[in-house]
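# Examining the three-dimensional arrangement
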Amino acid sequence: LGEDLIELFDIEYHLPPAQWDSKLGFKSCLHGNETGINNFALLCHNKSCVHHGHRKKLKGYYTPNYQSSEEKILKHITETKTRELREFVCDGTNDQEAIDLVNDGIATSRPLILRGCANSMPSLQRWTGPDAKEYLLANDPKEFASLFGGEAGIGGLFPLPESLYPDIYPTGRSKFVEFVRHFKEKNYVWTSRGSRQARTHFGTFTNLHILMSEKKTFWLCSPKYARHLYIDFVPAKCPGVTSGGKYFGCDEFGCYHFLPFPDNNINLAVYPRVASIEWEQTTMLPGDVLLIPPFWFHHVLHWPKTPTGKNIAVTFIRQQEEMPKSRFAADIVEFWKAAR
């Protein structure tokens, strides 16, 4: 494997390897360190770092990137093993059971869709009715502007304005909503007009994602498939640190890892391990709550497929303190197994 990487990356053994350990890893990025080192710079994994890490941690072979036609969008998911995500339906009398299932899902790292558990949130009516545009723009004209005239596929992500807290946290309406209020460390609004896809990635935090309008389809797979998604390889000399547009980075949410290739154009003959992944699928409706545990990979499709809708969700996150030793698949899988 080392010889293969030298040929592919055109590097030499004498290049100094980039260092990555528990003191200069995920936690350092999130919380800083005592050395004064630029934490974000540590996340810039150049070719020598990838080469060094894979000599130790990988037992497979790197397959070069491949671009195929748009006809293969989500082919790797729709033509491989897919099953419906486990679900629970709230009926107004079983909130405690829903809360117990969320806590168990966090403890055992099992995602879950909870149908209608956020139906008591006033946001489901106030953010989607005939006066929604005037109401939302009055609360945050800058951030909500793209929802009412942005470009095709454009999306927004911003902190929930405090003026909208009563729409999310009504008092005395729901035991489950009260649980969400105490669960969250941060809450952010996701918006799009539809026809938007989020590339397959994982986050290092627990995520309760609540849909307010339109639909969203999620495909999720377990952290145990990290190696099947070739996350150890970085195709760029320096992928950068900006969440969303690059391959690995951190922001105020936590740390993310995106796949090192365009995942809407995967040729399974070139990336054969992807075909062995078992995906779990669910389509969210307004009032539904999706639990995404840390390190679970997920791909997201915002509905409608044409950019004519108003897709709004609020995500509630809690960042965990313990982290894997490195960003490499072997350490992520080991950490995930030990934490369950």
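That block above? That's the structure.
Per chain, the residues get numbers from 1 upward, laid out in the order the sequence is written. In view of the model being predicted, local features appear only for residues whose pLDDT reaches at least 70, and side-chain atom pairs are presented and counted only at 80 or more, with totals across whole chains, interfaces and linings using the full set of residues. Where side-chain values are given, they derive from all heavy atoms of the structure, hydrogens and water being excluded.

## Brief notes about the environment of Ser222
Selection criterion: We count a stretch as a helix when DSSP gives it H or I for four or more residues in a row; a strand needs E for two or more, and each element gets its number in order from the N terminus. Burial classes: relative accessible area under 20% of the type maximum marks a residue as buried, over 50% as exposed, and values in between as partly exposed (1.4 Å probe, protein chains only). Any two residues having at least one pair of non-hydrogen atoms within 4.5 Å are treated as being in contact.
Inspection of the secondary structure assignment puts Ser222 in the loop between β8 (216–221) and β9 (248–250). Note on Ser222: relative accessible area 6%, which makes it buried. Along the primary structure Ser222 and Pro111 are separated by 111 residues, whereas in three dimensions their C-alpha atoms are 9.1 Å apart. Setting aside residues no more than four positions away along its own chain, Ser222 makes contact with Trp296, Phe297 and Trp336.

## Topic: the state of the cysteines
In protein structure, a disulfide is the covalent linkage between the sulfur atoms of two cysteines. For clarity, the threshold we go by: Disulfide assignment relies on a single distance test, namely cysteine sulfur atoms paired within 2.5 Å.
As enumerated under the stated definition, the model contains 1 disulfide in all. There is a disulfide in this structure between Cys90 and Cys117, and the S-S distance comes to 1.8 Å. Negative torsions about the S-S bond denote left-handed disulfides, and the value of about 80° found for Cys90 with Cys117 makes this one right-handed. Of the two residues, Cys90 is situated in the loop between β2 (87–89) and α5 (95–108) and Cys117 in the loop between β3 (112–115) and α6 (123–126); the sequence distance between them amounts to 27 residues.

## Some thoughts on the sheet that holds β3
Defined as follows: A strand pair is defined by DSSP finding two or more bridges across the two strands. In this analysis an axis means a line fitted to C-alpha atoms, helices contributing only their contacting stretch, and an angle means the value between N-to-C directions, from 0 to 180 degrees.
Taken together, 7 strands build an open sheet; the order of strands is β2-β3-β12-β7-β14-β5-β4 and the sheet is mixed. In this open sheet, the two edge strands, each paired with only one partner strand, are β2 and β4 (155–159). Averaged over all pairs of adjacent strands, the angle between their axes in this sheet comes to 20°, without regard to strand direction. As paired elements, strand β7 (residues 205–213) and strand β12 (residues 289–292) share 4 bridges and run antiparallel to each other. Bridged to Leu208 within β12 is Leu291. Docked against the sheet, α5 engages β2, β3, β7 and β12, running at close to 165° with respect to β3.

## Re the side chain of Thr217
The test is simple: As used in this structure description, the phrase polar contact means that two N or O atoms lie within 3.5 Å; if the pair is within protein, one of them must be able to donate a hydrogen and the other to accept it, and residues adjacent in sequence are counted only when both atoms belong to side chains.
Secondary-structure assignment places Thr217 in strand β8. Judged by its relative accessible area of 2%, Thr217 is buried. A polar contact of 2.9 Å, which involves the side chain of Thr217, links it to the side chain of Thr283. Within polar-contact distance, the side chain of Thr217 engages the side chain of Trp303 at 2.8 Å. Apart from the residues lying within four places of it in its own chain, the contact partners of Thr217 are Gln281, Thr282, Thr283, His299, Val300, Leu301 and Trp303.

## With respect to the nonpolar core
Where we set the bar: In this description, a nonpolar core means a group of buried Ala, Val, Leu, Ile, Met, Phe, Trp, Tyr and Cys residues linked to one another through side-chain atoms lying within 4.5 Å.
If you look at the biggest cluster of nonpolar residues, it comprises 35 residues, and the most contacted ones within it are Phe176 and Phe316. Elements represented by at least two residues in this core include exactly α5, β3, α9 (175–183), β7, β12 and β14 (311–319). Core analysis: the second largest hydrophobic core is formed by 24 residues, Trp219, Cys221, Phe261 and Phe295 among them.

## A short note on a negative patch on the surface
What counts is decided by this rule: Nonpolar side chains (Val, Leu, Ile, Met, Phe, Trp, Tyr) within 5 Å and like charges within 9 Å form the patches, drawn only from residues with over 30% relative accessible area and no salt bridge. Areas reported here follow the Shrake-Rupley algorithm with a probe of radius 1.4 Å; residue values treat only the protein chains shown as occluding. Any carboxyl oxygen of Asp or Glu within 4 Å of a side-chain nitrogen of Lys or Arg constitutes a salt bridge here. In this tally, Lys and Arg are treated as positive and Asp and Glu as negative; His is ignored, and so are the chain termini. Charged side chains are reduced to one point each, which is NZ for Lys, CZ for Arg, CG for Asp and CD for Glu.
Together, Asp91, Glu97, Asp100 and Asp104 make up a negatively charged patch on the protein surface. One can find Asp91 in the loop between β2 and α5. You can call Asp91 exposed: its relative accessible area is 53%.

## Regarding unusual backbone geometry
With an omega dihedral of 0°, the bond running from Trp303 to Pro304 counts as a cis peptide bond. Within the secondary structure layout, Pro304 lies in the loop between β13 (297–302) and β14. Look at Tyr230: it is not a glycine, yet its phi comes out positive at around 60°. Its place among the elements puts Tyr230 in the loop between β8 and β9. The residue Phe295 is not glycine, and still its phi comes out positive at about 75°. Of note, Phe295 is situated in the loop between β12 and β13.

## Some points on the pattern of salt bridges
The full count for this structure, using the stated rule, is 7 salt bridges. In this structure, Glu87 and Arg115 form a salt bridge, with 3.3 Å as the shortest nitrogen-oxygen distance. Remark: Arg115 occurs in strand β3 and Glu87 occurs in strand β2; sequence separation between them is 28 residues. Owing to a relative accessible area of 45%, Glu87 belongs among the partly exposed residues under this scheme. Asp167 serves as the salt-bridge partner of Arg126, at 2.3 Å between the closest nitrogen and oxygen. Taken as a pair, Arg126 in helix α6 and Asp167 in helix α8 (residues 165–168) lie far apart in primary sequence, 41 residues in all. Owing to a relative accessible area of 40%, Arg126 belongs among the partly exposed residues under this scheme. Residues participating in the shared-partner salt-bridge network are Arg83, Glu278 and Glu280.

Function-wise, these values are silent; they only describe arrangement.
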